[in-house]
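Analysis of the macromolecular model
Each chain, letter by letter, is given below.
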Amino acid sequence: MNLPFLSKPPRIALLRLSGAIAARGTSPFAAQGISAQASGPLIDRAFGMKRLAEVALVINSPGGSPVQSSLVAQRIRRLADKKKVKVTAYVEDAAASGGYWLACAADEIVADPASILGSIGVISAGFGLEEAIGRIGVQRRMYTAGTEKSFLDPFRPERPEDVVRLEALLGELHEVFRDWVRTRRGARLKAPEAELFSGRFWIGRRAVELGLADRLGEVTAELRARHGDKAQIVPIDARRPPWPLRLFSGAALAEGAMAAVEDRAAWGRLGL
């Protein structure tokens, strides 16, 4: 017997993936960003909900570690396929580089007209400090076993063979990224790969035209239109320790400061 007053509305898990993507320390007090360690339990909670109709990923990330991006994306896909639940990515300010890697774990990508999407590329940056240590009277002492162990040492002049090796590594990582986007977006991509995979990024409206996103929209309006006003949108938030404990963690302060520097550098590459 169908009793309408006893029926329960569907539930949508709303999971925010925000910040730079990087392997973080083990401190439970520090800001976590996006990583397999920090985001994995939240992903499990999202897909473990009863009466689950959809998982909504709200993504706001300038990118970061390709390994952590891959691990988080694979976890999302594995659970989505196991539970047979639709996943939609809703882009806020940015889903760039590793952030776009995460967005591609969804079945659909929805963006704001002013969102930034793309940056399908790989970057490595460093400094050459070989002249600086001489000016301040510091001697560099380093001993290795293995001819390649001092690869790209910033205190030695750059070696052409190191640059060739680095470019090969970046190219291989780039191909892994491209393969993932091809697999997830497939025929929806509407521009030549040379343009899409150049590392360039676009605003949301143009990203839809290029096939990097499916349509423009906003998460709450989209979910209400699809599931109705009675559907329960359940935010999946990280459980933080009580605030007095957070005040006395010096490690958390140091780790949080470093994470903030990493985040600012990553956002700076997008001009944000």
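In the block above lies the structure referred to throughout.
Description of the structure in this document. (Residues numbered from 1 in each chain as written. Predicted model: local features only at pLDDT ≥ 70, side-chain atom pairs only at ≥ 80, totals over all residues. Heavy atoms only, no water.)

1. Focus: the overall build of the protein
A count of helices and strands for the protein gives 10 helices and 8 strands. Across the 272 residues of the protein, 40% fall into the buried class. For the protein, the computed accessible surface area is about 15200 Å², with 58% contributed by carbon and sulfur atoms. (Helix = DSSP H or I, 4+ residues; strand = E, 2+ residues; numbered from the N terminus. Buried < 20%, exposed > 50% of the residue type's maximum accessible area, 1.4 Å probe, protein only. Areas by Shrake-Rupley, 256 points an atom, 1.4 Å probe, with all protein chains shown as cover.)

2. Observations concerning the pattern of salt bridges
Per the stated rule, a full pass over the model turns up 21 salt bridges. Of the charged contacts in the structure, one is a salt bridge between Arg-182 and Glu-193, with a shortest N-O distance of 2.8 Å. Taken together, the residues Arg-182 in helix H5 (residues 160-185) and Glu-193 in helix H6 (residues 193-196) connect sequence positions 11 residues apart. Residue Arg-182 is classed as partly exposed on the basis of its relative accessible area, which comes to 27%. (Salt bridge = Lys/Arg side-chain N within 4 Å of Asp/Glu carboxyl O.)

3. Quick notes on helix H8 (residues 219-227)
Turning to H8, its buried residues number three or more, namely Val-219, Glu-222 and Leu-223. The buried residues of H8 occupy an angular sector of 95° when the element is viewed end-on, so they sit on one face. Close packing links the buried residues of H8 with strand E1 (11-18), strand E2 (52-61), strand E3 (86-96), strand E4 (108-111), strand E7 (215-216) and strand E8 (232-236). The N-terminus of H8 is capped by Glu-218, whose side-chain oxygen sits 3.2 Å from the backbone nitrogen of Thr-220. Backbone geometry just downstream of H8 places Gly-228 in the positive-phi region, at approximately 90°. (Arc of directions from axis to C-beta. Contact = heavy atoms within 4.5 Å. Polar contact = N/O pair within 3.5 Å; in protein donor to acceptor, adjacent residues only side chain to side chain.)

4. A short note on the environment of Arg-159
Along the polypeptide, Arg-159 turns up in the loop between helix H4 (130-135) and H5. The residues contacting Arg-159, other than those within four sequence positions of it, are Thr-147 and Glu-148. In terms of polar contacts, Arg-159 uses its side chain to reach the side chain of Asp-162, at 2.8 Å.

5. With respect to the pairing of E2
A regular strand places its side chains on the two faces of the sheet in alternate fashion. Buried residues dominate E2, accounting for 9 of its 10 residues. Two strands pair when backbone bridges link them, and E1 and E2 are joined in this way by 8 bridges, in the parallel orientation. In the sheet register, Leu-14 faces E2, and the bridge partner there is Ala-56. Bridge analysis of E2 against E3 gives 7 bridges, and the strand direction is parallel. Across the sheet, the residue bridging to Leu-57 is Ala-89, located in E3. In this view, the connection linking E2 to its parallel neighbour E3 by way of helix H2 (residues 66-83) has right-handed handedness. (Pairing = 2+ DSSP bridges. Right-handed = clockwise from strand over helix to strand, strands pointing away.)

6. Section: unusual backbone geometry
Trans peptide bonds make up the majority, and among non-glycine residues the majority have a negative phi. Positive phi, close to 55°, is recorded for Arg-51, a residue that is not glycine. Here Arg-51 falls in the partly exposed class, since its relative accessible area comes to 35%.

7. Focus on the environment of Arg-156
As for its position among the elements, Arg-156 is in the loop between H4 and H5. Classification of Arg-156 by relative accessible area gives partly exposed; the value is 35%. Each C-alpha atom, one on Arg-156 and one on Glu-130, is 5.1 Å from the other, the two residues being 26 residues apart in sequence. Sequence-distant contacts of Arg-156, that is, excluding residues within four places in its chain, are made with Glu-130, Met-142 and Ser-150.

8. Brief notes about the side chain of Asn-60
Tracing the backbone through its elements, the reader meets Asn-60 in strand E2. Using a relative accessible area of 14% as the deciding quantity, one classes Asn-60 as buried. Looking at Asn-60, its side chain comes within polar contact range of the main-chain nitrogen of Asp-93, at 3.3 Å.

9. Brief notes about helix H1 (residues 36-47)
An ideal rise of 1.5 Å per residue puts 16 Å on 12 residues; H1 measures up with 15 Å between its terminal C-alpha atoms. Of all the residues in H1, the buried ones are Ala-38, Ser-39, Gly-40, Leu-42, Ile-43, Ala-46 and Phe-47. The elements touched by buried residues of H1 are E1, E2, H2, E3 and E8. (Expected span 1.5 Å × (residues − 1).)

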